[in-house]
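Architecture and fold: a report
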Amino acid sequence: MPHTVRRIAVLADSDTRWKWGALTARRLAPHATIDGLLLRGRATPTPRQLAEVGVTVESLREVTTGEFLAAATEPGAYDVIVLATVGGAVQAMLHGLGRAVTGTGPAATGPGPARRPVIVTGYVGVVYEKLTDGLLLRHGADVVLANSPYDAERFRTVYEGVGADPGGVVTCALPFLAGPPAEGDMPVTASASGATTGSAESAEPAESAPVSASGGADSGRFTVVFAVQPSVPASRADRAYLLRRAAAHALRHPERDVLIKLRSKPGEHTTHIEEEPYQKLVRKLPGGTGPDGGLPANCRLVYGNMGELLDRVRRTGGLLVTVSSTAALESLHRGVPTAVLTDLGVREALGNHYFTGSGCLASWDELDDGHLPEADEKWALRQGVRGDDGFAAARERVAALAARAAADGLPPLMPYYTVRTAPGYLPGILRRYGLAPDGTPLPGTAVQDTGRGRSLMRRVVREAARGAYRHGVQRVAPLIRKAGEL
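Reading the values: rules and limits
- Residues numbered from 1 in each chain as written.
- Predicted model: local features only at pLDDT ≥ 70, side-chain atom pairs only at ≥ 80, totals over all residues.
- Heavy atoms only, no water.
- Helix = DSSP H or I, 4+ residues; strand = E, 2+ residues; numbered from the N terminus.
- Contact = heavy atoms within 4.5 Å.
- Areas by Shrake-Rupley, 256 points an atom, 1.4 Å probe, with all protein chains shown as cover.
- Axes fitted to C-alpha atoms, helices over the stretch in contact; angles between N-to-C directions.
- Parallel < 35°, antiparallel > 145°, perpendicular 65-115°, else oblique.
- Left-handed = near helix turned anticlockwise from the far one by under 90°.
- Nonpolar A, V, L, I, M, F, W, Y, C, P; charged D, E, K, R; others polar.
- Salt bridge = Lys/Arg side-chain N within 4 Å of Asp/Glu carboxyl O.
- Buried < 20%, exposed > 50% of the residue type's maximum accessible area, 1.4 Å probe, protein only.
- Pairing = 2+ DSSP bridges.
- pLDDT = per-residue confidence, 0-100.

What to know about the overall build of the chain
Along the chain, the regular secondary structure elements total 15 helices and 15 strands. If you take every contact in the chain between residues at least 6 apart in sequence, the share linking residues at least 24 apart comes to 73%. Here the chain displays about 20,600 Å² of accessible surface, and carbon together with sulfur accounts for 54% of that area.

Topic: the packing of helix α4 (residues 87–102) against helix α5 (residues 131–138)
Between two packed helices, the angle of one axis relative to the other and the distance separating the axes together describe the packing. Closest axis-to-axis distance for the α4/α5 pair is 7 Å, and the angle between their directions is 20°. The orientation of α4 relative to α5 falls into the category roughly parallel. Read as a crossing pair, α4 and α5 show a hand that is left-handed. Counted together, Gly-87, Gly-88, Val-90, Gln-91 and Leu-94 of α4 and Leu-136, Leu-137 and Arg-138 of α5 form the full contact between these two elements. When its residues are assigned to classes, the contact of α4 with α5 shows four nonpolar, three polar and one charged.

Thoughts on the pattern of salt bridges
Per the stated rule, a full pass over the model turns up 20 salt bridges. Across the pair Asp-257 and Arg-312 runs a salt bridge whose closest N-O atoms are separated by 2.9 Å. Of this pair, Asp-257 sits in strand β11 (residues 257–261) while Arg-312 sits in helix α9 (residues 306–315), and the two are 55 residues apart along the sequence. In this pair, the class of Asp-257 matches that of Arg-312, namely buried. Several salt bridges share partner residues, and in doing so they unite Lys-19, Asp-311, Arg-314, Glu-330 and Arg-334 into one network.

Examining the sheet that holds strand β12 (residues 299–302)
Strand order across the open sheet formed by six strands is β12-β11-β10-β13-β14-β15, with parallel pairing between neighbours. What marks the edges here is a single partner per strand, and that holds for β12 and β15 (361–362). Alignment of strand β10 (residues 223–227) against β11, held across five bridges, turns out to be parallel. From the neighbouring strand, Phe-226 faces β11, where its bridge partner is Ile-260. Contacting β10, β11, β12 and β14 (338–341), helix α7 (residues 236–252) runs over the sheet at an angle of about 160° to β11.

Looking at the confidence of the model for the chain
Across the chain, the average pLDDT comes to 83, with 77% of residues at 70 or higher. In the predicted structure, residues 105–110 sits below a pLDDT of 50 and forms 12 contacts with residues beyond four places in sequence or in another chain. In this model residues 449–458 is a low-confidence stretch, pLDDT under 50, and it forms two contacts with partners more than four residues away in sequence or in other chains.

Some remarks on the sheet that holds strand β3 (residues 59–63)
Pairing within the open sheet is parallel, and its seven strands lie in the order β3-β2-β1-β4-β5-β6-β7. Because the sheet does not close on itself, it has two edges, and the strands there are β3 and β7 (169–171). On average, each strand axis in the sheet is tilted by 25° relative to the strand beside it, whichever way the strands run. Contacts from helix α3 (residues 65–72) reach β1 (7–12), β2 (33–39), β3 and β4 (80–84) within the one sheet, and its direction differs from that of β3 by about 135°. Each of β4, β5 (118–121), β6 (143–146) and β7 touches helix α13 (residues 392–407); the most contacted strand, β7, lies at about 140° to it.

Have a look at this one:
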């Protein structure tokens, strides 16, 4: 009788990676209990960001590296752990877990099988940069999920090329492309106690009054969604250009609704740092004194769940526009016409080179003239946005590993990077997450039982530090660059 995965922990360090991790856990084990652990850092998501995910979890709390390792290695606590973090954090947790479980660290050769959770990791979306670096930082997990057959082939080639075991690579799909959400799933938001509650209308409007994901009342009008990205393109000039073109499209097509889908509110952080928020740029448009700046009446800024927006686009026969957002894959999965912009070129720095051969490359000029791109079906199949349930193989692999863990234990975690293979690289990564080169917590970083008052003080200081960091990124840094250009 196959082992049933009963309990999963998801460690995430940003809003998008929390979305990927939570939904991946739900697809791997639809009936399992899921505990959310948010790794404390600059991009720890806010309750509003968490509310956009679309999956319920049984608990949700912030943790340090030491707190995560303590929770993850508690005997019998979890069958599976999903590491939904940047590559450096994945590598650090693999070494920390290996040390905590075996007492000797991942580089050791002595210990035999150990009763430990199955470790799963992967990528949140399109992998178009730092392929080798990111993959080697994820190597050592029991399962490295590849979001398409194309990615799986690339992943195995990289691992084989450096002499690392490619056996952990498993082909699946992005979790929000793997069929409809599990029954009962609703958006998740953190309550005051740290637990989670479902709410379909939990997106909080910003100070500049962008509306929720529905974009206001659904009038049935042709809807164009422009899915913007925090750091693509990076320059103010390029971002202002795209904003002007979206507004111009709305003016040229008054019969259409143009919704500019924002990633975050001012002051929030995402996976990538947003130095030039569209909420600020919109105020630079002519007549930009109101909540939506100088945007036409049929063009608005919106927040919220991308899936809800795409459902509206599909109902109205509309269009998704982006530079290279993963939203393009979600859109293609729903059969929505999808335009990947070429206005700023097709370049690796923009990520839109990933979509060559997709049939989706188009410019604002072409869209203004009424062009609706049609995806190439062979490309869509190879990229995992068409076809059957992409998680069948992953579910089978994870269930088999969980059964083995429960019966005989699993072998030690053995990442490619060790103090022998990367002595000038690995220690710095581990130190960044409070770990020594052997995977043990550095002095002063271990879990401590502190009083409520001290915990509250740490939280206040932490929030102040985050605020200062965000202010520096979004206010001070642009001013310094501007002064340097004079």
